[in-house]
Amino acid sequence: MALAQHNLGTVIAFEFTRTIKKRGFAIATLAIPVLLIVVFALLYASNTTTKNSADAQRNAQFSFTYSDASGIVAPAGAQAAGGTPTTDPESAIEAVKNGSSEAYFEYPADPTKEPVKVYGADKGMFENGKYEAVARQLLEASAQQHIGSPQLTAALTGAVKFNSETFKDGKAAAGVGGVIPPLLFLVIFYISMILLSNLMLNSTLEEKENRVTEMILTTLNPTTLITGKIISLFMVGLLQVLVFLAPVGLAYLFFRDRLALPEMDLSTLVFEPGPMITGALLLLDGFTVFTGVLVAIGAIMPTAKEAGTIFGPLMAMMFIPFYTFSLVISNPKALIVQIFTYFPLTAPVTALLRNGFGTLNPVEAAIVIVELLVVGILILRLAVHLFRYGSIEYGRKLSIAGTFRRSELAAK
Amino acid sequence: MSSGAAEPLVHIQDFRMDFGDTTVIRDLSFDVHVGETFGFLGSNGSGKTTTLRALLGIYRPTAGILHVGGKVFEPSDGSRLGYLPEERGLYKKEHVLDVMVYFGRLKGLSKTAARSWSETYLERVGLADKAKARLDKLSSGQQQKIQLGVTIMNNPELLILDEPTKGFDPVNRRLLMDIIEEHKRAGATVIMVTHQMEEVERLCDRVILLKDGVSRAYGTVEDVQEEFGGTVYRVTYDGVLPLSSLFDVVSDDDGRAELAPLQGASEEKVLRELVEAGAGIRSFTPARISLDEIFIKVYGEQHELAEG
Ligand SMILES: Nc1ncnc2c1ncn2[C@@H]1O[C@H](COP(=O)(O)OP(=O)(O)OP(=O)(O)O)[C@@H](O)[C@H]1O
Ligand SMILES: [Mg+2]
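All values derive from a computational prediction rather than experimental measurement. (Residues numbered from 1 in each chain as written. Chains lettered and ligands numbered in written order. Predicted model: local features only at pLDDT ≥ 70, side-chain atom pairs only at ≥ 80, totals over all residues. Heavy atoms only, no water.)

For interface size, the figure often reported is the accessible area lost on association. With 33 residues of chain A at the contact, the number on the chain B side is 33 residues. Of the roughly 3,200 Å² buried between chain A and chain B on both sides combined, carbon and sulfur atoms contribute 60%. For Arg18(A), the salt bridge goes to Glu94(B), with nearest N and O atoms at 3.7 Å. For the pair chain A and chain B, the interface holds 4 residue pairs in polar contact (both at pLDDT 80 or more). (Contact = heavy atoms within 4.5 Å. Buried area = accessible area lost by both parts, 1.4 Å probe. Salt bridge = Lys/Arg side-chain N within 4 Å of Asp/Glu carboxyl O. Polar contact = N/O pair within 3.5 Å; in protein donor to acceptor, adjacent residues only side chain to side chain.)

Here it is, written out as structure tokens:
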């Protein structure tokens, strides 16, 4: 046992250092941050001439309709901002939906009790903030006229909630704020898969192509080897994410004002513990399942080239759930969504998406998490088995049934 | 891996191996005792590598008992095993020393011990300047030396070498033989697959001869020689060799011939027959049949069968 642990450490150290020493790795890892820096530099150059983007949004010019049940909004101020009063909310909303009007603000009778409803034509994530900004600006300015004290106004309007809804092609586009944090796990999943899948696939192929399997299998427990490889890959992934985030973090710290970064007020992000924990577990599960599958493919296929033929469809499994994106968030009961939620290869992405948009209820979440954990462990064990009895078949494809037939016979 | 003197270190009994529908090895049984050097011989495809792989748990045997030190081999027993597989290979893109230290660590050596052992070994085999080179920048013979080094790290109690001399030039073959002999003297048990019969005659205490997955001969080198006709007569002559019912001409080339006596014909009878027939005998030496000849004899039957 002590030797096995010592060996695990040795394998991790060896695999980690030799992966990060590869030239291809350095290029892949550094290419993206370099690209990001270039993009930031371009943004920086073009933005020094324009004004701060938050100001731009507040002063954005667009026409809108509004209804005011509270009587706070000053008609003159509204008109100056481009607003036309209306008394027919339904047709105003319809007009926004079908694109004949840009926005409609519905101020309730008591804005401190009910939210102000903001409807707008979808202008993309970064620009949609302008509707709320203008609606708020208008309410604040009007309130200030009534109260006469900017401080009091601020205190009062601080209690007002805004409900923004934007429309694209007549359909609701989802808001961003509460969705972002749990969706981060999906992003991490994708990034780590894109960066690591190839390494995972090749990590056991290397033993085969280099004919080192026999030496390894007689000195090292294959479970230790595979576990060591996966842990080292995990560390490699972390390292890459850190390298990628470094320029983003630096830019955010030093040039925040000059870059037209989406105004991400971190305080508006809601870190609800439920979805966050679910997301983290799903990420871990998904990572395990895909790693297991990739290692298993590596064990069956004699060369990287042949492994590539299975690799493509497998990666497609990660993107297929996006075809049902709108169903996933609007109608999670749909059969296809249900299938994608529980089929092990589509489950991580689908469940992470649903978790992000809050359509994955706790029971479903628990089922998927446990299912993926079980499947993941089984696949990893299968991968170890295939590596153990398959990778010696240098240069030929392995029949999975063959490895089991052999072990069954041996068990008799 | 250590065991009592009476108990064999390697015990194989009724071993059978099928690949799909083909049986590659049938009812193979043999033992290797502590401290002996054992020659594992057989024609190409007779099942030597398969047997070694099954013994070391790389293949799962279809049936039979294959024990190392009284139990089925596990990778965790590998710290005192030195296995040189037939399919050679190490992490090609890594540096020589890194790979050696890695395997040393896996075999339970400390990092410093693995490092200093490796450096000493590289010095000995004349590759000290390659310590920092990538393995794929080495010639194939040089890579073989590195692999041999990895094999004999941590003073293995059991050395299993599948065609160790493959790819070595005569000088390095000598070096390799010396290294094997050193380990043998230090008490290691050696199992060696080879097609080089002179290596067997020089190093091996006992041998097994495998043909088509079946044992054809098993015992000490002398036993096997005895079994396959024991004595031959080496003659040099300058006349004509007669046809005789007393002996077979095993080989005949440029005045040198090897005669195998038939039905226990004695030395004097054969010699008298030769002299009387006027063969012009210049020398006549009884000798043991060489393993080479036994090998050809056993292997040749296959061709006769195929033809007949
Ligand atoms: N993985 C495998 N699948 C199917 N058949 C195999 C496999 N490995 C070996 N064989 C067959 O088993 C037989 C014995 O092969 P093996 O490699 O053990 O021979 P060998 O005695 O080592 O020969 P050589 O002297 O050429 O190395 C051969 O007929 C070979 O085709
Ligand atoms: Mg062989």
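This part is about empty space enclosed by the protein. What the rule picks out here adds up to 5 cavities of 30 Å³ or more. Approximately 100 Å³ is the volume found for the largest cavity. As for the largest cavity, its lining consists of Glu15(A), Arg18(A), Thr19(A), Lys22(A), Leu199(A), Asn202(A), Ser203(A), Glu206(A), Lys229(A), Ser232(A) and Leu233(A). Those elements that provide at least two residues to the lining of the largest cavity are helix H1 (2-21), helix H8 (180-209) and helix H10 (222-255) of chain A. Looking at which element gives the most residues to the lining of the largest cavity, the answer is H8(A), with 4 residues. Per-class residue counts for the lining of the largest cavity are 2 nonpolar, 4 polar and 5 charged. Here the second largest cavity defines a volume of roughly 60 Å³. Together, Met215(A), Thr218(A), Thr219(A), Gly78(B), Leu81(B), Tyr83(B), Phe103(B), Lys107(B) and Thr151(B) line the second largest cavity. (1 Å grid on protein atoms, 1.4 Å probe; cavity = no way out; pocket = protein on both sides within 12 Å on 5 of 7 lines; lining within 4 Å. Points joined across faces, edges and corners; volume = space filled by probe spheres on them. Helix = DSSP H or I, 4+ residues; strand = E, 2+ residues; numbered from the N terminus. Nonpolar A, V, L, I, M, F, W, Y, C, P; charged D, E, K, R; others polar.)

All names here are of chain A. Per the UniProt record, the feature "transmembrane region" (unreviewed entry) sits at residues 25-45, 172-196, 230-255, 276-301, 307-328, 335-353 and 365-387. Secondary structure across residues 335-353 comprises 79% helix and 0% strand; the distance between its end C-alpha atoms is 16 Å. Between the end C-alpha atoms of residues 365-387 the distance is 32 Å, and the span holds 100% helix and 0% strand. (UniProt positions renumbered as here; feature names shortened; annotations may be inferred.)

What follows is about the sheet that holds strand S13 (residues 281-288) of chain B. Residue and element names in this part refer to chain B. Taken together, the 4 strands give an open sheet; going across it, the order is S11-S12-S10-S13, and neighbouring strands pair in antiparallel fashion. Edge positions in the open sheet fall to strand S11 (247-253) and S13, since each of these has one partner strand only. Shown here is a sheet whose adjacent strand axes are inclined to one another by a mean of 25°, direction ignored. With 6 bridges connecting them, S11 and strand S12 (residues 256-261) associate as antiparallel partners. The residue bridging Val249 from the neighbouring strand is Leu259, located in S12. Against the sheet, helix H8 (residues 267-276) engages strand S10 (231-237), S11, S12 and S13, with an angle of about 155° to S13. (Pairing = 2+ DSSP bridges. Axes fitted to C-alpha atoms, helices over the stretch in contact; angles between N-to-C directions.)

It is worth spelling out the coordination of the magnesium ion (ligand 2) at this point. All names here are of chain B. With distances of 1.9 to 2.4 Å, the protein atoms coordinating the magnesium ion (ligand 2) are Thr49 (OG1) and Glu86 (OE). Residue Thr49 is located in helix H1 (residues 48-55), and its partner Glu86 is located in the loop between strand S5 (81-84) and helix H2 (96-106); the two are separated by 37 residues in the primary sequence. Overall, Thr49 belongs to the buried group, its relative accessible area being 12%. Relative accessible area serves as the criterion here: at 25%, Glu86 is assigned to the partly exposed category. (Donors = N, O, S within 2.8 Å, 3.2 Å for Na, K, Ca; no water. Buried < 20%, exposed > 50% of the residue type's maximum accessible area, 1.4 Å probe, protein only.)

With 147 residues, the main nonpolar core has Ile216(A), Tyr102(B), Phe103(B), Ile146(B), Ile160(B) and Ile191(B) as its most contacted residues. The leading source of residues in this core is helix H11 (residues 273-300) of chain A, at 13 residues. By size, the runner-up hydrophobic cluster in this structure holds 17 residues, among which are Val73(A), Val116(A), Ala135(A) and Phe162(A). (Core = buried A, V, L, I, M, F, W, Y, C linked by side-chain atoms within 4.5 Å.)

Looking at the assigned domains, one finds that chain B contains domain 1 (10-225) and domain 2 (231-288). For domain 1 of chain B versus domain 2 of chain B, the separation of C-alpha centres amounts to 41 Å. (Domains from an automatic or database assignment.)

Now for unusual backbone geometry. Residues and elements named next belong to chain B. One non-glycine residue, Asp14, lies in the positive phi region at around 50°. Checked against the element boundaries, Asp14 lands in strand S1 (residues 10-19). Residue Asp14 is classed as partly exposed on the basis of its relative accessible area of 42%. At Asp212, a position not held by glycine, the phi torsion is positive, near 50°. A residue is classified by how much of its surface remains accessible, and Asp212, at 40% relative accessible area, is partly exposed.

A word on the packing of H11(A) against helix H15 (residues 347-356) of chain A. Residues and elements named next belong to chain A. One way to put it is that H11 packs onto H15 with a least axis distance of 9 Å and a crossing angle of 170°. With respect to their mutual orientation, H11 and H15 come out roughly antiparallel. Contact residues: H11 offers Pro275, Thr278, Gly279, Leu282, Leu283, Gly286 and Phe290, while H15 offers Pro348, Ala351, Leu352 and Asn355. Per-class residue counts for the contact of H11 with H15 are 7 nonpolar, 4 polar and no charged. (Parallel < 35°, antiparallel > 145°, perpendicular 65-115°, else oblique.)

Here we take up helix H14 (residues 335-342) of chain A. All of the buried residues in H14(A) are Val337(A), Phe340(A) and Thr341(A). One side of H14(A) holds all its buried residues, which, seen down the axis, span an arc of 105°. (Arc of directions from axis to C-beta.)

This part is about the pattern of salt bridges. For the structure shown, the criterion picks out 20 salt bridges over all chains. Among the salt bridges present, the one from Asp98(B) reaches Lys21(A), with a minimum N-O distance of 3.5 Å. One end of the pair, Asp98(B), is in helix H2; the other, Lys21(A), is in helix H1, on a second chain. In this structure, the salt-bridge partner of Arg16(B) is Asp18(B), at a minimum N-O distance of 2.5 Å. In the salt-bridge network here, residues are joined through shared partners; they are Glu15(A), Arg18(A), Lys21(A), Glu207(A), Lys229(A), Glu94(B) and Asp98(B).

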